[in-house]
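Descriptive structure summary
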Amino acid sequence: MTGSSSLYVQAIILYLPLAVFWIYFRQLRKHDGHVTVGFLSETRFSFMEYLRAMFSWCFLFFRIYSVRPGLYRLNQADDSAPLLVTCNNYLTVFLLVRRVAYRKVRLMIVDTGGINVWCSAGKGRFSAEAIIEISQQEGLLEGKGLEMVLPKLALSGVRLIDLKKAGIRPIIGPVYAADVPEYLDSGDLKNRKEDHVVFGLRARAFTAFPTAVQFFYYVLGFYVITLGYAGISPVLITIGLALSYPILFPWIPGRQFADRGLVMGIAVSLIILAVSLTAGRDLQRTVFDVLFAPATAVFIALSFTGVSPISNYDNVRKETARFLPVVVVLYILLIPVMIFL
Amino acid sequence: MITVDQKKCTGCGQCEIVCPHGIMKVSDGTAFVLDDDRCVTCGACGLNCPADAILVKQQTGCLVTIIKEDILKMKCDGQSCGNSNSDGQACG
């Protein structure tokens, strides 16, 4: 077997299990593209539902599952039970139901195309119109004084005054599902003025693994295209950076996203250089890795702007204009390194 | 960028309640932005201002959006954060 074909075999071995998983879980989609969710009627989670939730988390940035929109009654909740509104992203619904599993609540799931609350609200899919439509379909507007608790992050898409005009009394609920049980148990459903987005270690760690999965796919593609020229080190560098950047984010020196990425990339390059010189590693591969690390780190950092809830369009635009050319130039420099050195 | 029309603002405090980052404040009967840099221009305040006093262009601070909408000039179809591909890759 030639060297290049053996590398292809290696790449296929890496891709194959993921491809099988992907196809298998796609097959589970039923009922107009929505997955069948047992826990919304039985409030009991099956092994497959946990597995699907884990898979949804691993592929967080790919909408793989959505829940059928509509009104659900947990634990045979009647019309006096609190009504919570959420998106139809599978993982969001799963995490919310896990939190409220033993309570009598009604759950209104809005068709957001499987997108999370904030993103779908920002792009107009999680809207007052969508909520009113489901309310009408489910006959909720026939009675008087319909109250519903909205996730606070839906308010960039939901115009409260439109709900009020339709006879609905909207209540601004917590930002996070974790706060919902305490909110419900308080007995008095009030607007959560004090709830704000927190981008703490837990939230960042939650995004680290999906970021690594996303970039693993990219770098594997690169690996296959370049016939594994640079060996396994670009794969390891990419996964290492994708895992560590979100977690270390506030502690990396820099003001914004890309400059922190550059700092991290340069630090990794210096470590590679030091290790390579000490170990007497091949010059060609060392140069490749030293250029590859900062380019990939900046790319991951820029990509992370979409994951974080703290990025601002104007700042990201400036950063993209300043740093994306750096990424492109560094990646272009890898070509002569591969060919000539 | 977010601007508050001080003449229209009634100081009702709705913007303060809906802001997910807690950067809108009402003082002396009028709303103001505490920290422009922390505003992610999600648009919740502008959308829910009963006096129509807040002007904010709703934008997504995301690389994918900027590449698609600004560089490639592709129109976002609202399928996700600036992403309209069939894979439905979403950011944020």
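Here is what the cut-offs are and how they apply
In this numbering scheme, every chain counts its residues from 1 along its sequence in written order. Ligands are numbered from 1 and chains lettered from A, in the order in which they are written. Reporting of local features is limited, given that this is a predicted model, to residues whose pLDDT is at least 70; pairs of side-chain atoms are given and counted only at 80 or more, and all residues count toward the totals for whole chains, interfaces and linings. Only heavy atoms go into the side-chain values, all of them from the structure, while hydrogens and water stay out. Labels follow the DSSP assignment, with helices taken as runs of H or I lasting at least four residues and strands as runs of E lasting at least two, numbered in each case from the N terminus. Burial classification: accessible surface area is computed with a 1.4 Å probe over protein chains only, and a residue below 20% of its type maximum counts as buried, one above 50% as exposed, and the rest as partly exposed. Any two residues whose heavy atoms approach within 4.5 Å are treated as being in contact. The accessible surface values rely on the Shrake-Rupley method and a 1.4 Å probe; as for residues, cover is taken only from the protein chains in view. The charged-residue count follows a simple rule in which Lys and Arg add positive charge and Asp and Glu add negative charge, with His and chain termini not counted at all. Taken as the charge centre is NZ of Lys, CZ of Arg, CG of Asp or CD of Glu, depending on the residue. Scored from 0 to 100, pLDDT reflects the predictor's confidence in each residue. Note that the domain bounds were set by an automatic or database domain assignment. Accessible surface is computed with a 1.4 Å probe, and the buried area is the amount of it that two parts give up when combined, taken over both parts together. Here a polar contact is taken to be a pair of N or O atoms separated by no more than 3.5 Å, where protein atoms must pair a possible hydrogen donor with a possible acceptor and residues adjacent in sequence count only if both atoms sit in side chains. We count a salt bridge whenever a side-chain nitrogen from Lys or Arg sits within 4 Å of a carboxyl oxygen from Asp or Glu.

It is worth spelling out the overall build of chain A at this point. Of the regular secondary structure elements, chain A holds 13 helices and five strands. Seen along its three principal axes, the alpha-carbon backbone of chain A occupies a region of about 75 × 45 × 30 Å. Scored against the burial criterion, the 341 residues of chain A give a buried share of 52%. Sequence-distant contacts, at least 24 apart, represent 68% of the contacts inside chain A between residues at least 6 apart. When the accessible surface of chain A is split by element, carbon and sulfur atoms take 64% of a total near 15,800 Å². Considering chain A, the positive charge centre built from 33 side chains and the negative charge centre built from 23 side chains are found 4 Å apart.

Quick look at the confidence of the model for chain B now. Scored by pLDDT, chain B has a mean of 80; 80% of the residues are at 70 or more. Considering only residues more than four positions removed or in separate chains, one finds that residues 77–92 of chain B, a stretch of pLDDT under 50, has 46 contacts.

Residue and element names in this part refer to chain A. Along its sequence, chain A is organised into domain 1 (31–185) and domain 2 (201–339). For domain 1 versus domain 2, the separation of C-alpha centres amounts to 36 Å. Tallying the contact residues gives nine residues for domain 1 and eleven residues for domain 2. In this assembly, domain 1 packs against domain 2 so that about 920 Å² is buried in total across both faces, 80% of it on carbon and sulfur atoms. The largest contributions to the domain 1 side of the interface with domain 2 come from W57, C58 and F61, which together make up 55% of the buried area. Inspection of the region where domain 1 meets domain 2 yields one residue pair in polar contact (both at pLDDT 80 or more).

Taken together, the contacts link 42 residues of chain B with 46 residues of chain A. Counting each side, the surface lost to burial between chain B and chain A is near 3,700 Å², with a carbon and sulfur contribution of 54%. Together, I17(B), L47(B) and L63(B) form the three largest contributors to the area buried by chain B at its contact with chain A, with a combined 16%. In this structure, the connection of chain B to chain A is made through two salt bridges. One salt bridge connects K193(A) with E16(B), and the closest N-O pair in it is separated by 3.4 Å. Elements represented by at least two residues in the side of chain B that touches chain A include exactly helix 1 (14–18), helix 2 (44–47) and helix 3 (63–71) of chain B. A total of six residues in the side of chain B that touches chain A trace back to one element, the largest contributor, which is helix 3 of chain B.

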